[in-house]
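Inside the fold
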Amino acid sequence: MLQPGDRMPDFEVVDQDGKIVTSKELLGRKTIVYFYPKDNTSGCTAEACSLRDNYEALTAAGYNVVGVSKDSAVSHRRFKDKYDLPFTLLSDTSTAMLQAFGAWGEKKMYGKTVMGTLRRTFVFDESGILVRVIEKVDTRNHAAQLLE
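Report on the accompanying structure. (Residues numbered from 1 in each chain as written. Predicted model: local features only at pLDDT ≥ 70, side-chain atom pairs only at ≥ 80, totals over all residues. Heavy atoms only, no water.)

With the rule as written, the count across this model stands at 9 salt bridges. We note a salt bridge from Arg77 to Asp17, for which the minimum N-O separation is 2.9 Å. In this pair, Arg77 is assigned in helix α3 (residues 73-83) and Asp17 in the loop between β1 (12-15) and β2 (20-22), connecting sequence segments 60 residues apart. The closest approach of N and O atoms between Asp71 and Lys38, which form a salt bridge, is 3.4 Å. Of this pair, Asp71 sits in the loop between β4 (63-69) and α3 while Lys38 sits in the loop between β3 (30-35) and α1 (42-53), and the two are 33 residues apart along the sequence. The class of Lys38 is partly exposed, set by a relative accessible area of 45%. Put simply, Asp17, Arg77 and Asp81 are held in one network by salt bridges that share partners. (Salt bridge = Lys/Arg side-chain N within 4 Å of Asp/Glu carboxyl O. Helix = DSSP H or I, 4+ residues; strand = E, 2+ residues; numbered from the N terminus. Buried < 20%, exposed > 50% of the residue type's maximum accessible area, 1.4 Å probe, protein only.)

Attention shifts here to the side chain of Arg120. Along the chain, the position of Arg120 falls in strand β8 (residues 120-124). According to the relative accessible area criterion, Arg120 is buried, its value standing at 14%.

Next up, the structure:
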């Protein structure tokens, strides 16, 4: 997993509109990259809505917000529209970006160990250097965790 001081890994994925987005495009602004397991699930929706409801405060603090899961661009478009999310959602169906950030690994589901997306948030400075990692995400209050 990435540690503070590490550089943002290179990646190339598509957003909710099918447009290619690269790591280089995120440089120049402080950026919050949050990884979540699945569109339209209760915890992921609570997390996205916390960021949506506090989006003005996050942007006023200079942050660009980007959500990432392995859901398809079409799924992301529906999720974004349904909850009126003002930020970009990236689709990493190959899990290459998830793995590069350390947001893909073993987790327990219904008593079984499976591979999946680990809910983690990474905060980068303007030059793409990691300044903070949140591993214990409070989905309902995630924006407050970021703004503290």
